[in-house]
Amino acid sequence: MDPFDRRGAGLPRLTRIRAKLRHAAFQTHPARFLAFGYLTYMLAGWLLLMLPAMQAVPVGALDALFIAVSAVSTTGLVTIDPGTSFSLAGQGVITLLILAGGLGYMTIGSFAVLMMRHRLSGYHQRGTRLAFNLPDGLNVPQFLRAVVVFSLTIQLLGAVLLYPLFRAEGIANPAWQAIFHAISAFCTAGFSLFPTSMEAFVGNPGINMVICALSILGALGFIVVVDLWQRIRGEGRALAFSSTVIFRMTLLLVAAGTVFLRFGEPAIAALPASDRWWAAFFQAMTASTTVGFDTVPIGGIGGATALVLIALMLIGASPAGTGGGLKTTSVATVLAVMLSAVRGRRDVVLFGHRLHEDRIRLAVAGLCYYLLLILVSGTVLLVLEPTAPFEQVLFEAISALSTVGLSMGITGGLSDAGKIVLILLMYAGRVGILTFAIAFAVQGAAEDENPQEADLVL
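Every value quoted in this text rests on a predicted model; they were computed, and no experiment measured them. Along each chain, numbering runs from 1 in the same order as the chain's sequence is written. Reporting in this predicted model follows two pLDDT cut-offs: at least 70 for local features of residues, and 80 or more for side-chain atom pairs to be given and counted; totals over whole chains, interfaces and linings ignore these cut-offs and use all residues. For side-chain calculations, the full set of non-hydrogen atoms in the structure is used, while hydrogens and water are omitted.

1. Comments concerning the overall build of the protein chain
For clarity, the cut-off: A helix here means a DSSP run of H or I that spans at least four residues, while a strand means a run of E at least two residues long, and both kinds are numbered starting from the N terminus. Any residue under 20% of the maximum accessible area for its type is buried, any over 50% is exposed, and the rest in between are partly exposed; the area is computed with a 1.4 Å probe on protein chains only. Two residues form a contact once any of their heavy atoms are found within 4.5 Å. The Shrake-Rupley method, run with a 1.4 Å probe sphere, supplies the accessible areas, and residue values consider only the shown protein chains as cover.
Secondary structure assignment for the protein chain yields 20 helices and 2 strands. Taking all 458 residues of the protein chain together, the buried fraction comes to 51%. For the protein chain, the proportion of contacts with a sequence separation of at least 24, taken over those separated by at least 6, is 68%. Of the roughly 21,800 Å² of accessible surface on the protein chain, a fraction of 66% belongs to carbon and sulfur atoms.

Take a look at the structure:
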């Protein structure tokens, strides 16, 4: 049999198959490519965590899958205690999964291509823009280099700062604990090797400050990092408006949440006076940045506090960062739409800037799709877990979809079907609410169709 295909112009069959596969991959919509990439990471992590060498005690297949998805999605919800269930090697795998999920699938792939070829294809640039929701005028290769260098530098610095603090607290293996928690904090993963998260350090200002700083830097987003770097170098300020919105929204949300929790949560009021403001700030920060650590047991919080944390988790972090949620810029856009409507204005104006119609459409679509997913998944969870209180189920679903990781204590007790629902929500949250919808959407109407226009009474 001729090893060369007659229709392939003399190319070896293996080369022709490779070319076809490459063509098929690059013809796929970037959203689907992104969704498939994260799925690959999750499945690979699951298979690794199932190896006996990775486990300190026997771990079920579904629990291992849950941990792998939670790590790649940088959520932090757990059905078992990672610190006692996995060996040091298994904890290392979880760390790599968190790092891969925090940096992002397109970041790692595109950066590898950039290092090998010193340039990016149009496909990789489109995928990176979609993954980070970047504006058209941004230099993608420069952005990727800034993301990788900044991320690794900040995480290394965080580990260096945490090491003496953990050592002073008498923590076993403080070097590894510092590395693990620095990565988990910056990637807003919320995974902890301590069985009670950060509750033992509620009165330790040093650990609180380092964890908060790492989480906020990760959640602010790499757009802000690039913008600040451009300002330092005296270059263009094309991203200044986005950075302004991100800073203002983040400051407003964390400040408002801190004040409410300080005076409205009984569990925080019961702490020593010196710890109350730290605890209030930490919990507002952890919900807003979607990092998911806690210094106060979430299972015992009041209903009003739970509602405030739900709102902060729903809004989430900022675009092009490691956090989840609807994103601060999207929520700011929706609020601007509301204010313009009630004021009778045709243009949508935010902080003195008129917003583009496509950004408005994406923000509203993201909100609608998010609420639809919560409605459907929350209903399914309530059916599957009939004994679980409504507020705890809602809290859990929003925590999973926004990739936060805070829990009111029902994660480990969920049925297998309930855990699968949370796995799907965490996956959707990591891919991105709207990107997930695009990736699995049915193709739209044919271009030659001409739908009729109609006036809709609102």
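2. Details of the packing of helix H3 (residues 61–72) against helix H19 (residues 416–431)
Inclusion rule: For every element, the axis is a line fit to its C-alpha atoms; helices are fit only across the contacting stretch, and the angle between N-to-C directions ranges from 0 to 180 degrees. Throughout this description, any angle smaller than 35 degrees is read as roughly parallel, any larger than 145 degrees as roughly antiparallel, any in the 65 to 115 degree range as roughly perpendicular, and the remainder as oblique. A clockwise turn of the near helix away from the far one marks a right-handed crossing, whereas an anticlockwise turn of less than a right angle marks a left-handed crossing. Three classes are used: nonpolar for Ala, Val, Leu, Ile, Met, Phe, Trp, Tyr, Cys and Pro, charged for Asp, Glu, Lys and Arg, and polar for all others, with Gly counted as polar.
Packing of H3 against H19 brings their axes to within 9 Å, and their N-to-C directions diverge by 20°. Between H3 and H19, the angle falls in the class roughly parallel. Crossing geometry of H3 relative to H19 is assigned as left-handed. Side by side, H3 and H19 meet where Leu-62, Asp-63, Leu-65, Phe-66, Val-69, Ser-70 and Val-72 of the first sit next to Asp-416, Lys-419, Ile-420, Leu-422, Ile-423, Met-426, Tyr-427 and Arg-430 of the second. Of the residues in the contact of H3 with H19, the class split is 10 nonpolar, 1 polar and 4 charged.

3. Re the nonpolar core
How we decide: What is meant by a nonpolar core is a set of buried Ala, Val, Leu, Ile, Met, Phe, Trp, Tyr and Cys residues, joined one to another through side-chain atoms within 4.5 Å.
One finds Ile-94, Ile-98 and Phe-395 to be the most contacted residues of the largest nonpolar core, which totals 115 residues. Dropping the residues within four chain positions of it, Phe-395 is found in contact with Ile-298, Ala-306, Leu-309, Ile-310, Met-313, Leu-406, Ser-407 and Met-408.

4. Brief notes about the side chain of Gln-55
Heads up, the condition is: Each polar contact in these results corresponds to two N or O atoms within 3.5 Å; when the atoms are within protein, one needs to be able to donate a hydrogen and the other to accept it, and residues that are neighboring in sequence are counted only if both atoms are side-chain atoms.
Take Gln-55: it is sitting in the loop between helix H2 (30–49) and H3. Polar side-chain contacts of Gln-55 include one of 2.9 Å to the backbone oxygen of Leu-49.

5. A look at unusual backbone geometry
A positive phi is found at Thr-74, a non-glycine position, where the angle reads about 50°. Secondary-structure assignment places Thr-74 in the loop between H3 and helix H4 (82–85).

6. Brief notes about the pattern of salt bridges
To keep it simple, the criterion reads: Each salt bridge in this description consists of a side-chain nitrogen of Lys or Arg and a carboxyl oxygen of Asp or Glu lying within 4 Å of one another.
Applying the stated criterion across every chain, the model contains 1 salt bridge. In this structure, Asp-63 engages Lys-419 in a salt bridge whose closest nitrogen and oxygen atoms are separated by 3.2 Å. Pair noted here: Asp-63 is in helix H3 and Lys-419 is in helix H19, with a separation of 356 residues, a long-range link. No difference in accessibility class separates Asp-63 from Lys-419, as the two residues are buried.

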